[in-house]
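Here is what each chain is made of, one letter per residue.
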Amino acid sequence: MPEFDDKTAIVTGASGGIGEAAAKRFAAEGASVVVADLKVEEGEATVADIEDAGGEATFVETDVSDPADAGAMVDVAVDTYGGLDFAFNNAGIEGERAATSDQPVDNFERVIGVNLKGVFLGMRAEIPVMLDDGGGAVVNTSSIAGRLGFPEISPYVASKFGVIGLTKTAALEYSGEGVRVNAVCPGVIDTPMVQRSQDDDPEMMEQTAAATPIGRIGEPAEIGDAAVWLCSEDASFVTGEAMTIDGGYTS
Ligand code: NAI
């Protein structure tokens, strides 16, 4: 390494949390990174950190649930860096907490729109460019909530099960043409998303750590590094995989 010199990666949700950590690791490995997120100031800070460390990155304001934005984010990769090799479709929201029969319909649609339709729209825009460039790798962010049910977040759980379905299907469709497609299924990771849930449930992080064989919750880089590994040549025979990274929580 750096293994990714002359490669380009898109990372969605890269203004904070797991996406920010992944964007920084892609850049440290030599990739030029398109930082795609709704949050402008934080996204520009991710770019500045990458540049300060000697890397290359560009921010593009993106709502992953909007087909036009998904296309525009890929256009930025092509226009700025000449192509696209890797995509980490990671942006996601948890949505409102309520039992299924109390879930507002608009909350269900919003969560599915970002977490599931956002991954679909991302792949739909990214994969044709990768095919034209002779191959690539996609990683989508699911969750341990794509493996198990969790009370009061049924839209989130449904979206994350769906991400695994999209991932496995795209892997069947494109692996033979040089585009590998995988997912990561993080356990509880110390990001702004989880810090917000902690406000509703102050014991949550401590209880999760206690229920985790490794004895703590995860760090954003522990997911970002796995996403980067799945894009690397070391993972050249890995496709259609949903990799659980949870300190043993679901074991
Ligand atoms: P976060 O809330 O810290 O960061 C998510 C980023 O996505 C934010 O920068 C936000 O602005 C961006 N985003 C939200 N909606 C967007 C949209 N429509 N278009 C573009 N960007 C948008 O969350 P975190 O924890 O880093 O989560 C990243 C991914 O990991 C999500 O898909 C989440 O569901 C998943 N995940 C997180 C876990 C955790 O414990 N933190 C556990 C399992 C999965």
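Below is a short write-up of the structure. Computed from a predicted structure; not experimentally measured. (Residues numbered from 1 in each chain as written. Predicted model: local features only at pLDDT ≥ 70, side-chain atom pairs only at ≥ 80, totals over all residues. Heavy atoms only, no water.)

## Quick notes on the pairing of strand S5 (residues 136-141)
Burial runs high along S5: six of the six residues are buried. By the alternation rule, side chains of S5 split into Gly136, Val138 and Asn140 and Ala137, Val139 and Thr141, which are all buried. The pairing of strand S4 (residues 86-89) with S5 spans four bridges and is parallel. Paired with Phe86 across the bridge in S5 is Ala137. Between the parallel pair S4 and S5, the chain is carried across by helix H4 (residues 105-132), and the sense of this crossover is right-handed. Note that S5 and strand S6 (residues 179-186) share six bridges and pair parallel. When the sheet's bridge partners are listed, Ala137 is paired in S6 with Arg180. In this view, the connection linking S5 to its parallel neighbour S6 by way of helix H5 (residues 154-174) has right-handed handedness. (Buried < 20%, exposed > 50% of the residue type's maximum accessible area, 1.4 Å probe, protein only. Helix = DSSP H or I, 4+ residues; strand = E, 2+ residues; numbered from the N terminus. Pairing = 2+ DSSP bridges. Right-handed = clockwise from strand over helix to strand, strands pointing away.)

## Considering the pairing of S4
Burial along S4 is two-sided: the face carrying Phe86 and Phe88 and the face carrying Ala87 and Asn89 are both buried. Direction of pairing for strand S1 (residues 8-12) relative to S4: parallel, over a ladder of three bridges. Considered in S4, the bridge of Val11 is made with Phe88.

## A look at the sheet that holds S5
If you walk across this open sheet you meet the seven strands as S3-S2-S1-S4-S5-S6-S7, and the pairing is parallel. Strands at the two margins of the open sheet, each flanked by one partner only, are strand S3 (56-61) and strand S7 (242-245). Recorded for the sheet is a direction-independent mean angle of 20° between the axes of neighbouring strands. Taken strand by strand, H4 contacts S1, S4, S5 and S6, and its axis lies near 170° from that of S5. Contacts from H5 reach S5, S6 and S7 within the one sheet, and its direction differs from that of S6 by about 160°. (Axes fitted to C-alpha atoms, helices over the stretch in contact; angles between N-to-C directions. Contact = heavy atoms within 4.5 Å.)

By themselves, these observations are geometric and do not establish any function.
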